[in-house]
Amino acid sequence: MKMQTQIDQRIKDEVNVHHMTLENESYMHNVPEGSESHFKLVLVADVFEGKRLVQRHQFVYNVLKEEMTGIHALAMHLYSIKEWEGRNAIAPSSPKCHGGEKAE
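Residues numbered from 1 in each chain as written. Predicted model: local features only at pLDDT ≥ 70, side-chain atom pairs only at ≥ 80, totals over all residues. Heavy atoms only, no water.

**A word on the nonpolar core**
Worth spelling out the cut-off: Residues enter a nonpolar core if they are buried and are Ala, Val, Leu, Ile, Met, Phe, Trp, Tyr or Cys, with the set joined through side-chain atoms within 4.5 Å. Relative accessibility decides the category of a residue: with a 1.4 Å probe and only protein chains considered, values under 20% of the type maximum give buried, values over 50% give exposed, and everything between is partly exposed. Each helix is a run of H or I in the DSSP string that is no shorter than four residues. Each strand is a run of E no shorter than two, and both are numbered from the N terminus. In what follows, a contact means two residues having at least one pair of non-hydrogen atoms within 4.5 Å.
Ile7, Ile11, Leu41, Leu43, Val60 and Leu74 are the most contacted members of the largest nonpolar core, which totals 18 residues. Those elements giving two or more residues to this core turn out to be helix 1 (3-14), strand 1 (17-24), strand 2 (38-45), helix 2 (53-63) and strand 3 (73-79). No other element matches the four residues that strand 2 contributes to this core. For Ile11, the residues in contact, after removing those within four places along its chain, are Val17, Met20, Leu41, Leu43, Val63 and Leu64.

Structure below.
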């Protein structure tokens, strides 16, 4: 099973998801074509209500503990439903990779 599919399914199995996007951003990094090493997760769920950022990250790391051993990076943007609505349902863009540029 592809890593992106595995992460997607694990989250949907464990979390009451209001909104979720999971993007494979490996192409933005200096890795072989077709890699699944760098992901961006935007997750909106009621479970984050009243939780600090570190608690939200710990929650996701716990849900994905098996998958985390197989990836290099997971950018997480985690919101309560109220916060997401306050952001007009927009997550920040990912920054350019600083770990090495792909040759043009």
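**Thoughts on the pairing of strand 3**
Here is the key point about a regular strand: its side chains alternate between the two faces of the sheet. Condition: Two strands form a pair only when DSSP identifies at least two bridges running between them. Looking down the strands as they point away from the viewer, one classifies a crossover as right-handed if the path from the first strand across the helix to the second runs clockwise.
For strand 3, a buried count of five out of seven residues is recorded, marking the element as mostly surrounded by other parts of the structure. In terms of strand pairing, strand 2 meets strand 3 through seven bridges, oriented parallel. In the strand pairing of strand 3, Phe39 is matched with Leu74. A crossover links strand 2 with its parallel partner strand 3, the connecting element being helix 2, and its sense is right-handed.

**Quick word on the side chain of Ser80**
Turning to its location among the elements, Ser80 is positioned in the loop between strand 3 and helix 3 (81-86). Excluding its chain neighbours within four sequence positions, the residues that come into contact with Ser80 are Val44, Ala45, Phe48, Glu49 and Arg56.

**What about the packing of aromatic side chains?**
For any pair of aromatic rings, the description consists of the separation of the ring centres together with the inter-plane angle of the planes. What counts, and what does not: Note on aromatic contacts: the rings of Phe and Tyr and the six-membered ring of Trp form a pair at centre separations within 6.5 Å, being stacked when their planes are under 30 degrees apart, edge-to-face when over 60 apart, and tilted otherwise.
Per the stated rule, a full pass over the model turns up two aromatic pairs. Between Phe48 and Phe59, the aromatic rings sit 5.9 Å apart at their centres with planes inclined by 90°, giving edge-to-face as the arrangement. Of this pair, Phe48 sits in the loop between strand 2 and helix 2 while Phe59 sits in helix 2, placing them eleven residues apart in sequence. Relative accessible area serves as the criterion here: at 1%, Phe48 is assigned to the buried category.

**What about the environment of Ser93?**
For Ser93, the position within the fold is in the segment after helix 3. For Ser93 and Leu22, which are 71 residues apart along the polypeptide, the C-alpha to C-alpha distance reads 13 Å.

**Section: the sheet that holds strand 2**
As a general point, the strands of a sheet are linked pairwise by backbone hydrogen bonds and lie either parallel or antiparallel. Stated precisely, the cut-off is as follows: All axes here are fitted lines through C-alpha atoms, helices being fitted over the stretch that makes contact, and every angle between N-to-C directions spans 0 to 180 degrees.
Taken in spatial order, the three strands of this open sheet run 1-2-3, and their pairing is mixed. Each edge of the open sheet carries a strand with a single partner, namely strand 1 and strand 3. Taking each pair of neighbouring strands and ignoring which way they run, the sheet shows an average axis angle of 10°. Lying on the sheet, helix 1 is in contact with strand 1 and strand 2; it crosses strand 1 at an angle near 165°. Along the sheet, helix 2 makes contact with strand 2 and strand 3, crossing strand 3 at roughly 125°.

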